[in-house]
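Topology and contacts: notes
These are the residues of each chain, in order.
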Amino acid sequence: MATARSTPEEADVDTVGDGRAVEAGGSALVVRRAPRDRARGAVLVLHGGQENGRQAARPWQPAALRMRPFLGVAASVSSPREVLIGQVRYRYRGWNEGADPLQDALRALDELRVLAGDVPVVLIGHSMGGRAALRAAGDPSVRGVLALAPWCPPGDPVTDLAGTRILVLHGDRDRVTEPAESAAYVRQARGAGAEAGMVLLRGSDHAMLRRSRDWHRASAAAVRRLLHPERDLDGWTAEACGAQEPLLR
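No experiment lies behind these values; they were computed from the predicted model shown. (Residues numbered from 1 in each chain as written. Predicted model: local features only at pLDDT ≥ 70, side-chain atom pairs only at ≥ 80, totals over all residues. Heavy atoms only, no water.)

This part covers the pairing of strand β4 (residues 121–126). By the criterion of burial, β4 is predominantly enclosed, with six of the six residues buried. As defined by bridge partners, strand β2 (residues 41–46) adjoins β4 across five bridges and the pair is classed as parallel. Looking at the pairing, Ala42 lines up with Val121 of β4. Pairing analysis gives six bridges linking β4 to strand β5 (residues 142–148), with the strands arranged parallel. What sits directly across from Val121, in β5, is Val142. (Buried < 20%, exposed > 50% of the residue type's maximum accessible area, 1.4 Å probe, protein only. Helix = DSSP H or I, 4+ residues; strand = E, 2+ residues; numbered from the N terminus. Pairing = 2+ DSSP bridges.)

Here it is in structure tokens:
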């Protein structure tokens, strides 16, 4: 499956773009950019991990570092005056029997509501983080999910997705998570009422290193649209959501 991420003991302070950084301490929410006034929306990033593992997740592990460019992507297409940018801090590197990263994501969403109120949230998750993001999509604050090479094992639930926008990007040469399982998830999500679509990136792999610029450009376009649930989707995002099969790009 996937790789790893962040730390519960350390205070984590950082910024992307303008605005305040907020110390996360032991919380599940790490705020990377906070509007100076009230936020009108939020983007939370979730990195990968592994199927099982009780080792502490750390911010310098490869899976966490892999998602730093996507924090920049989210910051580049959103207003620093309106959109909070953050990460979900995992307790453990593994999914484990208790779906630990999902529980961390739900805690982060609860903490975000306390901090910023009931703002619309877009989740960006890679691999195991993609699975956690998709499982958390039923939370009432979540309006959209961008899942990057997600781990979508058969049998994962697709409840409470009506009205949620879901976009999956997956490399067609991924040997860690299955593009076919992602496609099956998208079909099930549509059946549950989600506006869902998938794009296959030709020649790309799980680590998102091949054609990395295309991953970043596609993610930027998706986040820009997902942040505005009141607007109709357009461009290739709308095309993917309307297509019967994944788009190959």
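From this point, things continue past the structure.
Tracing the sequence through the fold places Tyr185 in helix α5 (residues 179–191). When its relative accessible area of 5% is taken as the criterion, Tyr185 is described as buried. Separated by 31 residues in sequence, Tyr185 and Pro154 place their C-alpha atoms 7.9 Å apart.

A few words now on the side chain of Ser219. Structurally, Ser219 can be placed in helix α6 (residues 212–226). Those residues in contact with Ser219, other than ones at most four positions away along the chain, are Phe70, Val73, Leu146, Leu148 and Leu169. (Contact = heavy atoms within 4.5 Å.)

Right, let's talk about the nonpolar core for a bit. Residues Leu44, Leu123, Val145 and Ile166 are the most contacted members of the largest nonpolar core, which totals 46 residues. Examining the composition of this core, we find that six residues originate from one element, helix α3 (residues 100–116), more than from any other. Among residues more than four places away in sequence, those in contact with Ile166 are Leu134, Val145, Leu161, Tyr185, Ala189, Ala194, Glu195, Ala196, Gly197 and Cys241. Membership of the second largest hydrophobic core comes to 30 residues, among which are Met67, Val83, Trp215 and Ala222. (Core = buried A, V, L, I, M, F, W, Y, C linked by side-chain atoms within 4.5 Å.)

For the structure shown, the criterion picks out 14 salt bridges. One salt bridge connects Asp100 with Arg91, and the closest N-O pair in it is separated by 3.4 Å. Using a relative accessible area of 7% as the deciding quantity, one classes Asp100 as buried. Judged by its relative accessible area of 28%, Arg91 is partly exposed. A salt bridge links Glu111 to Arg107; the shortest N-O distance between them is 3.9 Å. Of the two residues, Glu111 and Arg107 both sit in helix α3, four residues apart, roughly one turn of that helix. For Glu111, a relative accessible area of 24% translates into the label partly exposed. Exposure remark for Arg107: the relative accessible area of 32% places this residue in the partly exposed category. Here the residues in one salt-bridge network are Arg54, Arg91, Asp100, Asp104, Arg107 and Glu111, joined through shared partners. (Salt bridge = Lys/Arg side-chain N within 4 Å of Asp/Glu carboxyl O.)

Right, let's get into α5. Under the 1.5 Å per step criterion, the end-to-end length of α5 is 19 Å for 13 residues, consistent within 8% with the ideal 18 Å. For α5, the full list of buried residues reads Pro179, Ser182, Ala183, Tyr185, Val186 and Ala189. Mapping the buried residues of α5 onto a view down its axis gives an arc of 160 degrees, with all of them on the same face. Relative to its buried face, α5 has exposed residues pointing more than 90 degrees away, namely Ala180 and Gly191. Residue Gly193 follows α5 closely and has a positive phi angle near 100 degrees. (Expected span 1.5 Å × (residues − 1). Arc of directions from axis to C-beta.)

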